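Overview (structure and organization)
The lines below spell out each chain.
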Amino acid sequence: MIIHKKHILICSVLIIIAAILTAWRIPVSSVHLTSTFGETRGDHFHNGIDFGGGSQSIYAPEDGEVIYYYDRARHPFELPFGYGNSIVIAHNNGYRSHYYHLKDGSLPILTHVTNGEFIGTSGNSGHSSGTHLHLTFEDVQHKAVVNPLLFMMTNEYADCIPPAIDGILYALDDTLIPMPETLTLPAADSSVRFYIQARDKHPTSSYNIAVYKYKVEVNGELVQHITFDRLEQQNGDYAIVPKVHGQQAMRMHAFYYDNKTVSIYALNRIPGNYTVTFIVSDLNGNITTTHRTVIIQP
Ligand SMILES: [Zn+2]
């Protein structure tokens with residue numbers, strides 16, 4: 001019971017800090033977070049967040065200029081494409097916000113929007129399998145997309161649920177094997193690669209969503225650190241750039257082994273005893289950790 005109370009207190013403090021740091025309004029009035037930034041989408045990272053909860057009004061999160069607009073109801077002869085009916089707003093701080101899959105005929109004709117102004121209704125147009133709003137934030141100058149939730153944390157999605165780690169696996173070639181508490185291997189010129197299966201829950205929906213942050217420590221030293229705060233454009237695709245020096249940027253296929261399995265770190269098979277710590281956390285700082293021992297014999 002004491003732990004429970006303490007957890008709620010920590011969570012409340014984090015939300016207050018976040019509310020001070022961020023000022024943008026959430027563009028929907030009813031928050032049902034069904035998909036987060038950086039999830040796998042088959043051949044690319046999900047470059048924004050999805051709000052489910054049925055068809056609802058969308059409001060500009062900040063002032064800006066409308067730089068792109070498409071509504072099939074008004075432009076019936078334009079070729080439809082994946083985003084469906086959509087609007088893109090350029091804001092003063094160098095960011096653009098993109099809204100996809102909007103309802104036919106729901107977009108008012110606008111050139112300038114002010115914070116809180118109605119900009120359309122969420123729908124199911126374009127490449128979409130259910131009524132939702134897809135929201136992308138683009139950092140134009142740095143050729144990146146950023147996690148919209150970093151701009152919009154409020155009490156509306158207070159999240160005190162830590163992510164779950166479902167599995168730690170390893171592979172010497174292409175075969176993934178569940179990792180025992182202690183893994184003993186002979187020394188070699190090659191490395192042993194570790195994989196992690198983790199998922200997060202959000203109080204506003206029943207969906208599994210992606211983990212925000214992954215870290216790996218070996219004998220207490222941080223060797224891998226991936227945070228889905230931004231994805232950077234590289235050769236016409238988006239990549240996640242680790243925050244540990246020397247770890248390479250990864251495109252979707254390098255990061256996700258499959259829908260639920262992430263390729264996280266490769267340990268050189270140099271003789272020694274290693275405590276490998278896997279840490280996952282969500283955007284609100286809820287953390288889950290697990291350890292494995294790796295013995296590399298001479
Ligand atoms: Zn989406």
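The structure presented is a predicted model; accordingly, all values stated were derived computationally and were not measured. (Residues numbered from 1 in each chain as written. Predicted model: local features only at pLDDT ≥ 70, side-chain atom pairs only at ≥ 80, totals over all residues.)

Some points on the overall build of the protein chain
We apply this condition: Segments assigned H or I by DSSP are reported as helices when at least four residues long, segments assigned E as strands when at least two residues long, and all are numbered from the N terminus. Our exposure labels follow a C-beta count within 10 Å of each residue's own C-beta, placed from the backbone: buried means 20 or more other C-beta atoms, exposed means 12 or fewer, and partly exposed covers the counts in between. Residues are scored as being in contact if the C-beta atoms we place from backbone atoms lie within 7 Å.
Helix and strand counts for the protein chain stand at two helices and 24 strands. In the protein chain, which comprises 298 residues, the proportion classed as buried is 35%. Pairs at least 24 residues apart make up 65% of the contacts formed inside the protein chain by residues separated by at least 6 positions.

Quick word on the nonpolar core
As a reminder of what qualifies: Any set of buried Ala, Val, Leu, Ile, Met, Phe, Trp, Tyr and Cys residues joined through C-beta atoms within 7 Å is what this text calls a nonpolar core. Each domain span listed reflects an automatic or database assignment of domains.
Judged by nonpolar contacts, the single largest core of 60 residues is most densely connected at Tyr99, Phe194, Ile196 and Ile264. Sort the elements by how many residues they give to this core and strand 14 (residues 191–201) lands first, with five residues. Counting residues domain by domain, this core receives three or more from each of domain 1 (2–156) and domain 2 (164–297). In this structure, phenylalanine 194 is in contact with Ile168, Tyr170, Ile264, Tyr265, Leu267 and Val276, ignoring residues within four places of it in sequence.

Some remarks on the sheet that holds strand 13 (residues 182–186)
The following threshold applies: The pairing criterion for strands is at least two bridges between them, as found by DSSP. Helix axes are fitted to C-alpha atoms over the stretch in contact, other axes to C-alpha atoms as well, and angles between N-to-C directions run from 0 to 180 degrees.
Ordered by their spatial adjacency, five strands build an open sheet running 13-24-23-16-17, and the pairing between neighbours is mixed. In this open sheet, the two edge strands, each paired with only one partner strand, are strand 13 and strand 17 (221–227). Averaged over all adjacent pairs, the angle separating strand axes in this sheet is 20°, with direction ignored. Here ten bridges tie strand 23 (residues 272–281) to strand 24 (residues 287–297), and the two strands are oriented antiparallel to one another. Across the sheet, residue serine 281 finds its bridge partner in strand 24, namely isoleucine 287.

Notes on the environment of glycine 64
Within the element layout of this structure, glycine 64 appears in strand 4 (residues 64–70). The exposure class of glycine 64 is buried, given the 23 C-beta atoms found within 10 Å. Residue contacts for glycine 64: discarding those within four places in its chain leaves Ile89, Ala90, His91 and Val113.

Examining the pairing of strand 23
Bridge analysis of strand 16 (residues 213–218) against strand 23 gives six bridges, and the strand direction is antiparallel. By the bridge assignment, lysine 213 is partnered in strand 23 with serine 281. Joining the antiparallel neighbours strand 23 and strand 24 is a turn of five residues, in which glycine 285 adopts a positive phi near 85°.

Topic: unusual backbone geometry
Even without glycine at this site, histidine 101 takes up a positive phi of about 65°. One can find histidine 101 in strand 6 (residues 95–102). Despite not being glycine, asparagine 219 has its phi angle at roughly 45°, a positive value. By secondary structure assignment, the location of asparagine 219 is in the loop between strand 16 and strand 17.

Quick look at the environment of leucine 150
Structurally, the position occupied by leucine 150 is in the loop between strand 10 (144–146) and strand 11 (164–171). Exposure remark for leucine 150: the 18 C-beta atoms within 10 Å place this residue in the partly exposed category. Residues leucine 150 and arginine 230 lie 80 residues apart in sequence; the distance between their C-alpha atoms is 9.9 Å.

A short note on the confidence of the model for the protein chain
Cut-off, in case you're wondering: Each residue carries a pLDDT value, the predictor's own confidence for that position, ranging from 0 to 100.
Of the residues in the protein chain, 90% have a pLDDT of 70 or more, and the chain-wide mean is 89. Overall, residues 1–5 carries pLDDT values under 50, and its contacts beyond four positions in sequence, including any with other chains, amount to zero contacts.

Brief notes about the pairing of strand 19 (residues 237–240)
Looking down a regular strand, the side chains alternate between one sheet face and the other. Of the two faces of strand 19, the one lined by Tyr238 and Ile240 is fully buried and the one lined by Asp237 and Ala239 carries no buried residue. The hairpin formed by strand 18 (residues 230–234) and strand 19 contains two residues between the paired strands, and asparagine 235 there has a positive phi angle of roughly 50°. Relative to strand 20 (residues 250–251), strand 19 runs antiparallel, the two sharing two bridges. Along strand 20, the bridge assignment pairs alanine 239 with arginine 251.

Some points on the environment of isoleucine 295
Mapping isoleucine 295 onto the fold places it in strand 24. Along the chain, isoleucine 295 and proline 271 lie 24 residues apart, while their C-alpha atoms are 7.4 Å from each other. Apart from the residues lying within four places of it in its own chain, the contact partners of isoleucine 295 are Thr182, Thr184 and Asn273.

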